[in-house]
Amino acid sequence: MKVKAPESFTYIGGKRAVLLLHGFTGSTGDMKKLGKYLNDLDYTCHGPLYSGHGVSAEELAKTGPKEWWGDVVNGYNFLKEEGYEEIAVVGISLGGVFSLKVGIELPVKGVVSMCAPTQGKSIDRQKNRLLNYAQAYKKFEGKDADQIAAEVKLLEEEPMPQLKDVLNIINETGENLDLITSPTLVLQGRLDDPDYTESATAIFNEVDTQHKHLIWYEKSGHIITLGKEREQVYEDVYKFLNTLNWSE
């Protein structure tokens, strides 16, 4: 079965713009419901799909975080070119790392980091995530168990040097959190892995702004934009965005 690939999305609203960033092995589908929620409340929302994402794991493995970061910057510039002078950024998982990196390197009204790591500790963890994605994608394609196992084994034997680059961009961003001076909201699922829950506290403590908040979701894991408490997540993001010093 041919799988329809997800795409970047843009929901046109008012003058206030939000850049929405998905994670590694994720897609814009992780951020669309949040984007629609904010758009209904008059925010313009743009969610770029990173290179290699939303397609096969083999295609994803040919890309790396330098390209993905380029897609983030292109998404930011797209909003600028469309005339949006004021932009907030919201990201989940690696997209949360990218939202923090945007806060470090580009002018933004505010930063929302959801379930983002601040320390890249294990290449094996990243590879396992890619292999799990490969299995799920191939199953969705309708391939049988033997074919899936054979193809995943071939993928597992690939060297994938870009996975080290993933760790590097996580670590570099985590080391420069004190350069973030924009208002910052940190959202974290309590049921997520300890590396992420510890990172949430580190982000909150290290960003250099008095306008910051940390919110926990007791019944949620990693992708909180699609989890049990997603409606509360959307509301909390909206409330935070409304506290920002927009010009209008």
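If you're wondering where the values come from, they're calculated on a predicted model, not measured in any experiment.

**Student:** Residue-level account of a positive patch on the surface, with values.
**Tutor:** Residues Lys4, Lys32, Lys33 and Lys36 make up a contiguous surface patch of positive charge. Checked against the element boundaries, Lys32 lands in helix H1 (residues 32–40).

**Student:** Lay out the side chain of Gln126 in plain terms, naming residues and giving numbers.
**Tutor:** Position of Gln126 among the secondary structure elements: in helix H5 (residues 123–141). Aside from chain neighbours lying at most four places away, what touches Gln126 is Phe24, Leu163, Val166, Leu167 and Ile170.

**Student:** For the pairing of strand S2 (residues 17–21), give the residues involved together with the corresponding values.
**Tutor:** Across the 5 residues of S2, 5 count as buried, placing the element largely inside the fold. Of the two faces of S2, the one carrying Ala17, Leu19 and Leu21 and the one carrying Val18 and Leu20 are both buried. In this structure, S2 lies alongside strand S3 (residues 44–47), joined through 3 bridges in parallel fashion. Across the sheet, Val18 pairs through a bridge with Cys45, a residue of S3. Note: S2 against strand S4 (residues 87–92), 5 bridges, orientation parallel. Across the sheet, residue Leu19 finds its bridge partner in S4, namely Val89.

**Student:** Go over the sheet that holds strand S1 (residues 9–11) with me, naming the residues and quoting the values.
**Tutor:** The strand order across the open sheet formed by 7 strands is S1-S3-S2-S4-S5-S6-S7, and the pairing between neighbours is mixed. At either margin of the open sheet sits one strand with a lone partner, and together these are S1 and strand S7 (212–217). Averaged over neighbouring strand pairs, the angle between their axes works out to 15° when direction is ignored. Its contacts with the sheet put helix H9 (residues 230–243) on S2, S4, strand S5 (110–114), strand S6 (184–189) and S7, and the angle it makes with S6 is roughly 170°.

**Student:** Quick rundown of the pairing of S7? Include the residues and the values.
**Tutor:** Pairing between S6 and S7: 6 bridges, direction parallel. Bridge assignment links Gln188 to a residue of S7, and that residue is Trp216. In this fold, the crossover linking S6 to S7 by way of helix H8 (residues 194–206) has right-handed handedness.

**Student:** Describe the nonpolar core, listing the residues and the values that go with them.
**Tutor:** The biggest cluster of nonpolar side chains holds 43 residues, and the ones touching the most others in it are Leu19, Trp68, Val72, Leu94 and Phe98. Ignoring any residue separated from it by four or fewer positions in sequence, one finds Trp68 in contact with Phe24, Tyr50, Ser51, His53, Leu60, Thr63, Leu94, Phe98 and Val166. Residues Leu20, Leu38, Val112 and Val233 belong to the second largest nonpolar core, which totals 26 residues.

**Student:** A description of the side chain of Asp195 should follow, citing residues and the corresponding values.
**Tutor:** Mapping Asp195 onto the fold places it in helix H8. Polar side-chain contacts of Asp195 include one of 3.0 Å to the side chain of Arg125. Each residue touching Asp195, except ones within four places of it in the same chain, is listed here: Lys121 and Arg125.

**Student:** Let's hear about the state of the cysteines: which residues, and what values?
**Tutor:** Tallied over the full model, the rule gives 0 disulfides. Just so you know, Cys45 is unpaired, no disulfide at all, and the nearest cysteine sulfur is the one on Cys115, 19 Å from it. Under the relative-accessibility criterion, Cys45 is labelled buried at 0%. With relative accessibility at 1%, the residue Cys115 sits in the buried group.

**Student:** Mind laying out the UniProt feature "active site" (unreviewed entry) in the chain, listing which residues take part and the relevant values?
**Tutor:** Under the UniProt annotation, the feature "active site" (unreviewed entry) is placed at Ser93, Asp192 and His222. Across 130 residues, the annotated set stays spatially compact, with a maximum C-alpha separation of 10.8 Å. Along the polypeptide, Asp192 turns up in the loop between S6 and H8. Residue classification places Asp192 among the buried residues on the basis of a relative accessible area of 10%. Discounting chain neighbours no more than four positions away, the residues touching Asp192 are Cys115, Thr197, Ser220, Gly221 and His222. A polar side-chain atom of Asp192 sits 3.0 Å from a polar atom in the side chain of Gln188. Take His222: it is sitting in the loop between S7 and H9. Among the polar contacts made by the side chain of His222, one reaches the side chain of Asp192 at a distance of 2.8 Å.

**Student:** Tell me what's going on with the pattern of salt bridges, and back it up with residues and numbers.
**Tutor:** Using the criterion set out here, one finds 11 salt bridges in the structure. Ionic pairing is found between Lys143 and Glu151, a salt bridge with its closest N-O pair at 2.9 Å. Lys143 gets classed as partly exposed once you look at its relative accessible area, which sits at 25%. The salt bridge involving Glu218 is made with Arg190; its shortest N-O contact spans 3.1 Å. Here Glu218 is found in the loop between S7 and H9, whereas its partner Arg190 is found in the loop between S6 and H8, with 28 residues between them in sequence. Assessed through its relative accessible area of 46%, Glu218 is described here as partly exposed. Salt bridges here are not isolated pairs; linked through shared partners, they connect Glu58, Lys138, Glu141, Lys143 and Glu151.

Procedures and definitions
Residues numbered from 1 in each chain as written. Predicted model: local features only at pLDDT ≥ 70, side-chain atom pairs only at ≥ 80, totals over all residues. Heavy atoms only, no water. Patch = residues over 30% accessible without salt bridge, like charges linked within 9 Å, V, L, I, M, F, W, Y side chains within 5 Å. Areas by Shrake-Rupley, 256 points an atom, 1.4 Å probe, with all protein chains shown as cover. Salt bridge = Lys/Arg side-chain N within 4 Å of Asp/Glu carboxyl O. Lys, Arg positive; Asp, Glu negative; His and termini not counted. Charge placed at Lys NZ, Arg CZ, Asp CG, Glu CD. Helix = DSSP H or I, 4+ residues; strand = E, 2+ residues; numbered from the N terminus. Contact = heavy atoms within 4.5 Å. Buried < 20%, exposed > 50% of the residue type's maximum accessible area, 1.4 Å probe, protein only. Pairing = 2+ DSSP bridges. Axes fitted to C-alpha atoms, helices over the stretch in contact; angles between N-to-C directions. Right-handed = clockwise from strand over helix to strand, strands pointing away. Core = buried A, V, L, I, M, F, W, Y, C linked by side-chain atoms within 4.5 Å. Polar contact = N/O pair within 3.5 Å; in protein donor to acceptor, adjacent residues only side chain to side chain. Disulfide = S-S within 2.5 Å. UniProt positions renumbered as here; feature names shortened; annotations may be inferred.

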